[in-house]
Amino acid sequence: MLANESYTIESLSEMLNGLVQEGKLVSGTMSQLRHKLPDTYTKVLLKTIELRKQLYVQFEYHYAKRVTHENVLLEEAGAKLAELFEHTFRQGLLRTTSEELQVLLSKKNKVTVIRKKTAAVAADLTHNRKKQYVLEEGEPVPFLIELGIMNADGKVLAKKYDKFRQINRFLEMIQDVLPHLPKDRTITIVDFGCGKSYLTFAMYHYLQVQQGLSLNVVGLDLKADVIAHCQQLAERLDYGQLQFLVGDIAEYNELEQVDMVVTLHACDTATDAALEKAVRWGANVILSVPCCQHELFRQIDNPALEPLLSHGILKERFSALATDAARAKLLDLLGYRTQLLEFIDMEHTPKNILIRAVKGSASAEQREQWVQEYVQYRDFLHISPYLERACQDLLPPLARK
């Protein structure tokens, strides 16, 4: 269950201070800088540690080319955390011994905290603990060996380490949505625009080989040679519940029900076509990393934004963010609880936003508020998003004001 709470910056500080001093904080991530400055950190990771029999919160500052650490005494860490939220970051994800807290701050420091109950967990107080991956280095994984990421001894090749981390990051997100997938029947998953299918194979390996789930996974792409190669690899690996097909997202109608839809780097409105398919199938889970959002670039028009829209590079970036914001709000209106997450570090690719949506319920009042927010947003930018037009029969009335 998710619960939304509103705070002032002062009450947030009190809440965080209590959380830390009671020893409930396990780990966290702070992101979304308020202002970007030269040679500043772009992300801070948190964890509670024990040093010389005393508890600290370790702040791990991530710069473009280096990482630094600061260990802050437990009784001072809550204030430090609140200060970073107030002056530096607009978003945070904190994991406690029993909850996951998403902290969101507006430009005017209006604070929203989304709480999600999780299984009880104790903090690992080890100072220098090894990064725990879903797929561990040193343990040979057949599909990683076939794809040239690992050697036969399980060592990750130096040039493929970024891909190895990306695969594990993706599998962490799969772990998070496992509770939303059925346990009593075969799980059907469609991966639209699967390409070379590194992540498709990873998903299949994790769910079928490691978790022992019954699957029916379909990878779909327009490139016949790539699909043929992936199908041959699936057969060599004896992945009998994984098949690859040549096809277009918008025209694929072979299934009546799908539990999870994945779409990674589908260009422009191909992402929207995949989201529409997912919604009409009633998919419990949607994982989407959009790419090349051109549609709204051609539509956005508001004289108040002329200082921004008159510069092509700024308009392009703004249009991409505006597109994903519209998609997220529309998915909320279509019966999902939606989050926008960092998929991989910006230094590897600027196309690093992942839309994660799971089936959820909202009150009539909440839905009405979302309708008003979306209509105001859409009309302010003078846009007509593909996803709204495609799902018009499923959405509540969204008349222009």
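Residues numbered from 1 in each chain as written. Predicted model: local features only at pLDDT ≥ 70, side-chain atom pairs only at ≥ 80, totals over all residues. Heavy atoms only, no water.

A. Spotlight on unusual backbone geometry. Unlike most non-glycine residues, Gln32 shows phi in positive territory, near 65°. Here Gln32 lies in strand S2 (residues 25-33). Despite not being glycine, Asn109 shows a phi value in the positive range, around 65°. Secondary-structure assignment places Asn109 in the loop between strand S7 (99-105) and strand S8 (111-117). (Helix = DSSP H or I, 4+ residues; strand = E, 2+ residues; numbered from the N terminus.)

B. Examining the pairing of strand S3 (residues 43-51) more closely. Across the 9 residues that make up S3, a large majority, 7, are buried. Sheet topology places S2 next to S3; 4 bridges connect them, and they run antiparallel. Bridging across to S3, Met30 finds its partner in Val44. Where S3 and strand S4 (residues 54-62) come together, 9 bridges link them in antiparallel fashion. Within S4, the position partnered with Leu51 by the bridge is Gln54. (Buried < 20%, exposed > 50% of the residue type's maximum accessible area, 1.4 Å probe, protein only. Pairing = 2+ DSSP bridges.)

C. Broad picture of the sheet that holds strand S11 (residues 242-246). Strand order in the open sheet formed by 7 strands is S11-S10-S9-S12-S13-S15-S14, with mixed pairing between adjacent strands. Looking at which strands have only one partner, the edges of the open sheet turn out to be S11 and strand S14 (336-342). In this sheet, neighbouring strand axes are inclined to one another by 15° on average, regardless of whether the strands run parallel or antiparallel. Judged from the 7 bridges that link them, S14 and strand S15 (residues 353-359) form a sheet pairing that is antiparallel. Residue pairing for S15: Glu342 is matched across the bridge by Ile353. Most of the contacts of helix H6 (residues 224-236) go to S11, to which it runs at about 165°, and overall it touches strand S10 (215-221) and S11. (Axes fitted to C-alpha atoms, helices over the stretch in contact; angles between N-to-C directions. Contact = heavy atoms within 4.5 Å.)

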